[in-house]
Amino acid sequence: MPASGLPRRPDSGKRRLRVGFVVDVYPALSETFILDQITAFHEAGHEVRVFCRSVTAGGGGSGAPVEVVVFDPPAGVRNRVAGLLDLLRSGRWRVARRAMRPGSFGRQAFTLAAVSLAKTFTETAIDVFLCHYGYNGGLVARLRSVGIVDAPIVTMFHGHDLRRASPRAMEELGPLQLDDGPLLAISGWSRRKLVAYGFAAERIVDQPLGVDPARFGRARPESSGQAGGLRVVTVGRLVREKGYDVALAAVAQLAERGVDVRYSIVGDGPLGPDLAAVAARFGIDDRVHFLGALPRDSVFEVLGASDVFLSASRDEVTPIAIMEASASGLPVVATRVGAVQELVEDGKTGILAPAGSVHDLAEAVERLSRDPDSRSEMGAMGCAKMLAERDADVLNARLLDLIEEVVT
């Protein structure tokens, strides 16, 4: 049995597919689900090629042998002309001609950016593209619409790709509207958004993200909330949408009420210095620990040593951090935004509060600080819910079946 828990597919009777994953940054610590999918495809006997906009230096990866190619057009006309010449020398003159159509690619045709994209996406034969984020699906669909690539496209939508309702965002999704490939919705919220954007309901397939069952389900150490204080943790990028300013205000309010709380923040981002200043201004900098971005195993260690998971987000879709916290056996205090209510059952696996409400978040954490039995019960129910509904092995097997069905 491979590490993912999926049975290895037999070589006979199954076509070995060349799957092109199209992503933003690779590998991204905040997108571990992509790494898990790549591992599952490799263990099922398929070949994976990753097309990304940029590569993270020293970021690890899926562990599976994959070729990684950056598809963002290179800077400088000389580099792009060189790419055009490479296309012509390799006999792909039809590809070059199609990539230079202003009616299809606009300014990208004149700047040869479309030629660079065409060169990258046609260097290796691909049987099916699995695009993460709608705009990446739209990019490949535009290439497909003019015959530069002919492989079918499966697009998985996530968060900001469904919140960007600007004219440019709608233009990016336009080619995907005309394509016939499946659109994967990771939540009920995502499905409703796709329908609202005009995508045909029959193209939408529910494909939730999951957690690795091999990492979770073990007994947790006895919760503290006594010596050393209540250990509260948040995992996520340090950006405004995550509501860290609200979370810090709630911790300050708890301290004023005499609740002994220790708050750990895992993640990095542009607001790091500002949030450290906020903690100092509240006088809680001795209670708040900014741990920065951590390797995946270290994140799980922090979750395992905590008592409560706190999410004060202003905007979310389906946060992996909440799923992994629940699977770790932590009760979750979170805001009612996006698809969070699909993950956290109020009063059963955690406590939900209105977005932006410092008082309600502090009240919820204080309630759990005084009731270790509720913490344990909610944590156990949350873990059971995740393992029953969000088993990544089951969900990745479903995705594999879908991909194979699209190609055949």
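See the structure above.
These numbers come from a predicted model, not from an experiment.

Colleague: Explanation requested: the overall build of the chain in the structure shown.
Modeller: Assigned secondary structure in the chain consists of 18 helices and 13 strands. Its C-alpha atoms give the chain a radius of gyration of 23 Å, within 12% of the compact-globule value 22 Å for 408 residues. With the principal axes as the frame, the chain shows a C-alpha extent of 75 × 50 × 40 Å. For the chain, the residues scored as buried account for 53% of the 408 residues in total.

Colleague: Teacher, can you tell me more about the environment of Phe282 here?
Modeller: Note that Phe282 resides in helix α12 (residues 272-282). You can call Phe282 partly exposed: its relative accessible area is 38%. Spatially, the C-alpha atom of Phe282 lies 9.9 Å from that of Ala255, the residues being 27 residues apart in sequence. Beyond its immediate sequence surroundings of up to four residues, Phe282 is in contact with Asp245, Leu248, Ala249 and Ala252.

Colleague: For this particular structure, what's the right way to read the sheet that holds strand β11 (residues 308-311)?
Modeller: What links the strands of a sheet is backbone hydrogen bonding, and the strands pair in either a parallel or an antiparallel sense. A sheet is described by the order of its strands in space; here 6 strands give the open sequence β10-β9-β8-β11-β12-β13, paired in parallel fashion. Bordering the open sheet on either side are β10 (288-292) and β13 (350-353), each of which pairs with just one other strand. The average angle at which neighbouring strand axes cross in this sheet is 20 degrees, direction not considered. Where helix α11 (residues 244-256) meets the sheet, its contacts fall on β8 (230-235), β9 (261-266), β10 and β11, and the angle it forms with β9 comes to roughly 165 degrees.

Colleague: What should I look at first to understand the pattern of salt bridges in this one?
Modeller: Side chains that differ in charge, positive against negative, can pair when their charged atoms come close. Inspection of every chain in the model, using the stated rule, returns 28 salt bridges. Between Lys385 and Glu345 there is a salt bridge, and its shortest N-O distance comes to 3.4 Å. Taken together, the residues Lys385 in helix α17 (residues 372-389) and Glu345 in the loop between α15 (340-343) and β13 connect sequence positions 40 residues apart. Close ionic contact of Glu366 with Arg370 constitutes a salt bridge, the shortest N to O distance being 2.7 Å. Its relative accessible area of 13% is what places Glu366 among the buried residues. Several salt bridges share partner residues, and in doing so they unite Arg49, Glu67, Lys119 and Glu123 into one network.

Colleague: I keep staring at the nonpolar core and nothing clicks. Help me out?
Modeller: Side chains of a nonpolar character, in soluble globular proteins, are inclined to be buried together. Of all hydrophobic cores here, the largest spans 92 residues; its most connected members are Phe21, Phe41, Phe121, Phe129, Val140, Ile148 and Phe309. The dominant element in this core, judged by the number of residues it contributes, is helix α14 (residues 320-327), at 6 residues. Those residues within four positions of Ile148 in sequence are excluded, and the remaining contacts are Val95, Arg98, Ala99, Phe105, Ala118, Thr122 and Leu143. Grouped together as the second largest cluster of nonpolar side chains are 32 residues, Ala252, Tyr263, Val333 and Ile351 included.

Colleague: I would appreciate a short explanation of the sheet that holds strand β3 (residues 67-70) in the present structure.
Modeller: With parallel pairing, 7 strands are arranged side by side in an open sheet as β3-β2-β1-β4-β5-β6-β7. Edge positions in the open sheet fall to β3 and β7 (204-206), since each of these has one partner strand only. Here the strands of the sheet are splayed against their neighbours by 25 degrees on average, with no regard to which way each runs. As defined by bridge partners, strand β5 (residues 153-156) adjoins strand β6 (residues 183-185) across 2 bridges and the pair is classed as parallel. Among the inter-strand pairings, Thr155 is bridged to a residue of β6, identified as Leu183. Across the sheet, helix α1 (residues 32-43) touches β1 (18-26), β2 (47-55), β4 (128-132) and β5, and the angle it forms with β1 is around 160 degrees. Against the sheet, helix α18 (residues 392-407) contacts β4, β5, β6 and β7, and its axis sits at roughly 135 degrees relative to β4.

Colleague: Looking at this structure, how should I read the packing of aromatic side chains?
Modeller: Both the distance between ring centres and the angle between the ring planes are used here to describe each pair of aromatic rings. What the rule picks out here adds up to 8 aromatic pairs. Both rings, one in Phe216 and one in Phe300, keep their centres 5.3 Å apart while their planes meet at 90 degrees; by these two values the pair is edge-to-face. Of the two residues, Phe216 sits in the loop between β7 and β8 while Phe300 sits in helix α13 (residues 296-304), which places them 84 residues apart along the sequence. For the pair shown, Phe216 and Phe300 are each scored as buried. Taken together through their ring pairs, the aromatic side chains of Phe51, Phe71, Phe121 and Phe129 make up a single cluster.

What counts, and at which threshold
- Residues numbered from 1 in each chain as written.
- Predicted model: local features only at pLDDT ≥ 70, side-chain atom pairs only at ≥ 80, totals over all residues.
- Heavy atoms only, no water.
- Helix = DSSP H or I, 4+ residues; strand = E, 2+ residues; numbered from the N terminus.
- Rg over C-alpha atoms; globule rule 2.2 N^0.38 Å.
- Buried < 20%, exposed > 50% of the residue type's maximum accessible area, 1.4 Å probe, protein only.
- Contact = heavy atoms within 4.5 Å.
- Pairing = 2+ DSSP bridges.
- Axes fitted to C-alpha atoms, helices over the stretch in contact; angles between N-to-C directions.
- Salt bridge = Lys/Arg side-chain N within 4 Å of Asp/Glu carboxyl O.
- Core = buried A, V, L, I, M, F, W, Y, C linked by side-chain atoms within 4.5 Å.
- Phe/Tyr/Trp six-rings, centres within 6.5 Å; stacked < 30°, edge-to-face > 60°.

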